[in-house]
Amino acid sequence: MVNVTTAPACVACDTDIAVPDETELGDILSCRGCGQEHEVIDLDPAIRLDRAPEVEEDWGE
């Protein structure tokens, strides 16, 4: 079983987002309530999330 920490609420629907212990800076987490993607922008002293950037056409080129 994976241990999780409750992070801040979703910026779109206010649902709590569970964050796995192994989460790293820059990881993308999805809200289970609305599907909004969040980027982990800070881990210490507390986990902070912001809306993940939209995928641009030239990503991966």
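Placed above this text is the structure.
Residues numbered from 1 in each chain as written. Predicted model: local features only at pLDDT ≥ 70, side-chain atom pairs only at ≥ 80, totals over all residues. Heavy atoms only, no water.

Visitor: Help me understand the overall build of the protein chain in this model?
Guide: Check the secondary structure of the protein chain and you find zero helices and five strands. A burial count over the protein chain gives 21% of its 61 residues as buried. A separation of at least 24 residues holds for 16% of the contacts in the protein chain among residues at least 6 apart in sequence. As displayed, the protein chain offers around 4,600 Å² of accessible surface, 45% of which is attributable to carbon and sulfur atoms. (Helix = DSSP H or I, 4+ residues; strand = E, 2+ residues; numbered from the N terminus. Buried < 20%, exposed > 50% of the residue type's maximum accessible area, 1.4 Å probe, protein only. Contact = heavy atoms within 4.5 Å. Areas by Shrake-Rupley, 256 points an atom, 1.4 Å probe, with all protein chains shown as cover.)

Visitor: I'm lost on the sheet that holds strand S4 (residues 37-42) in this one. Help?
Guide: One key point about sheets: their strands pair by backbone hydrogen bonds, in either a parallel or an antiparallel sense. With respect to topology, three strands assemble into an open sheet ordered S3-S4-S5, the strand pairing being antiparallel. Two strands close off the open sheet at either side, each with one partner strand: strand S3 (28-30) and strand S5 (48-51). Averaged over all neighbouring strand pairs, the angle between strand axes comes to 45°, with direction disregarded. Relative to S5, S4 runs antiparallel, the two being bridged by four bridges. Across the sheet, residue Val40 finds its bridge partner in S5, namely Leu49. (Pairing = 2+ DSSP bridges. Axes fitted to C-alpha atoms, helices over the stretch in contact; angles between N-to-C directions.)

Visitor: What's the story with the environment of Ala9 in this structure? I'm lost.
Guide: Within the element layout of this structure, Ala9 appears in strand S1 (residues 4-9). Taking relative accessible area as the criterion, Ala9 reaches 26% and is therefore assigned partly exposed. In this structure, Ala9 is in contact with Asp14, Thr15 and Asp16, ignoring residues within four places of it in sequence.

Visitor: Can you help me understand the environment of Val11 in this one?
Guide: Locating Val11 in the fold gives a position in the loop between S1 and strand S2 (16-20). Owing to a relative accessible area of 42%, Val11 belongs among the partly exposed residues under this scheme. Separated by 20 residues in the primary sequence, Val11 and Cys31 place their C-alpha atoms 9.3 Å from one another. With residues up to four places along the chain from it excluded, the contact list for Val11 reads His38 and Arg51.

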